[in-house]
Amino acid sequence: MATEGTQDVDAPIAYFLDDQRYHGKSERTLEAYERVLREFECFVEQEFEAIETVGEADRRACMAWIHSLRGQFESSTIATYASYLNRFYDYMTRIGAFDENPMALVMEELSESIDTNPTRRDLSISDMQAFVTSIVHPLERAVVVMLLKTGMRVGELCNLDLRDLHGEFTSLELEWTPRVELDQRPSSVYVSAEPARGTVVNGEERTASNKRKRETVIPVDTELQAVLREWLAIRPDPVSPARALFLDTGETWGERLTPSDVRYIVEKHAREQGWYRTGGGTTENVTPHYFRHFFTTHLRDRTGDRGIVQYLRGDVAGDVIDTYTHNWGDRVRETYLDHIYRVTV
């Protein structure tokens, strides 16, 4: 409950969600927060007669809710739900709407059996080759191969414009000028750290955010170029002057693909392969983020160079990333091209 001098919030969950929206959280993230928080709200109202609002929930109520999840969900999912509730209480406490965060101690008390970094489905390169081969549509194949061969995040893929791509596409009746950052870096793709949800980049308001600490130039090998060429040959005219690389070919014809579009594509094909089921957790389901994990694991094992993989993922900043940026042609590009796996047969 709010105390004297603090904010009086009548609908704390709605208030929290609105604030997170203002902070740029995606609608998908907000939906996940709301689903978990509403389920928690229903639980405490049903199980604890003395608790009338989530602001009155104590540590015991939070622990009881987490206990009720066991047997229904995987441990990694429970850990995720607990983190959502913790973020909610932490935020509402910091703005003065609640007196304290009852999840603070709960997070410390959670069993060590809850694995926040679970072992994922173990797929071989040959498994992935069979998967990619089963994808016929040029757009869907290009999206999946781009994720598999670059390790980029969904939002980063959706934010790519034609200017971010440099390669041998002279046979196409499609022209564009690659951005200056790709000068002297042929056959490459530029992943910016700039785009954020709600901001205007290259003349278009973005619906997804890039999470890179700094911009990254990733080599494009002949396999990825071939897949992209097949897509660009049928790519529709874009609605936006930003000329997105990946455009919808369905109901929103010519509009930039959204993260939900990409997740739908991957889920559809993963279900056909038996790699995705409703209710399956991180350890079972193959999602776009799984491809980032696949890229990291296989390229790191092949190169033995953790630093280059971190650079390509966009996970490092400062002088570390500068080292790889300055040596892009000699070290990053050559190492990548010598070791990147094939995903088509």
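Above this text sits the structure in question.
What you see is a predicted model; the values in this text were computed from it and never measured.

J.: In this structure, what is going on with the overall build of the protein chain? I would like to understand it.
T.: Each helix and strand in the protein chain was counted, giving 14 helices and 5 strands. Expressed along its principal axes, the backbone C-alpha trace of the protein chain runs to roughly 70 × 45 × 40 Å. Within the protein chain, the fraction of its 345 residues that count as buried is 49%. Long-range contacts, defined here as pairs at least 24 residues apart, represent 65% of the contacts in the protein chain between residues at least 6 apart. Total accessible area on the protein chain stands at roughly 17000 Å², and carbon and sulfur atoms take up 44% of it. Here the protein chain contributes 40 positive and 58 negative side-chain charges, whose respective centroids are spaced 6 Å apart.

J.: Explain the pattern of salt bridges to me, please; I cannot follow it from the model alone.
T.: For side chains bearing opposite charge, pairing can occur when the charged atoms are close. Summed over all chains, the structure comprises 19 salt bridges. Residue K149 pairs with D221 through a salt bridge whose shortest N-O separation is 2.5 Å. Of the two residues, K149 is situated in helix α7 (residues 138–150) and D221 in the loop between β5 (216–219) and α9 (222–232); the sequence distance between them amounts to 72 residues. When its relative accessible area of 9% is taken as the criterion, D221 is described as buried. The closest approach of N and O atoms between K149 and E223, which form a salt bridge, is 2.4 Å. Taken together, the residues span a long stretch of sequence, with K149 in helix α7 and E223 in helix α9 at a distance of 74 residues. The burial state of K149 is the same as that of E223; both residues are buried. Here the residues in one salt-bridge network are D18, R21, E27 and R197, joined through shared partners.

J.: Help me out: how do you make sense of the environment of D90 in this one?
T.: When you line up the elements, D90 lands in helix α4 (residues 75–94). Separated by 70 residues in sequence, D90 and L160 place their C-alpha atoms 35 Å apart.

Conventions we followed
Residues numbered from 1 in each chain as written. Predicted model: local features only at pLDDT ≥ 70, side-chain atom pairs only at ≥ 80, totals over all residues. Heavy atoms only, no water. Helix = DSSP H or I, 4+ residues; strand = E, 2+ residues; numbered from the N terminus. Buried < 20%, exposed > 50% of the residue type's maximum accessible area, 1.4 Å probe, protein only. Contact = heavy atoms within 4.5 Å. Areas by Shrake-Rupley, 256 points an atom, 1.4 Å probe, with all protein chains shown as cover. Lys, Arg positive; Asp, Glu negative; His and termini not counted. Charge placed at Lys NZ, Arg CZ, Asp CG, Glu CD. Salt bridge = Lys/Arg side-chain N within 4 Å of Asp/Glu carboxyl O.

Shape descriptors only; they carry no functional weight alone.
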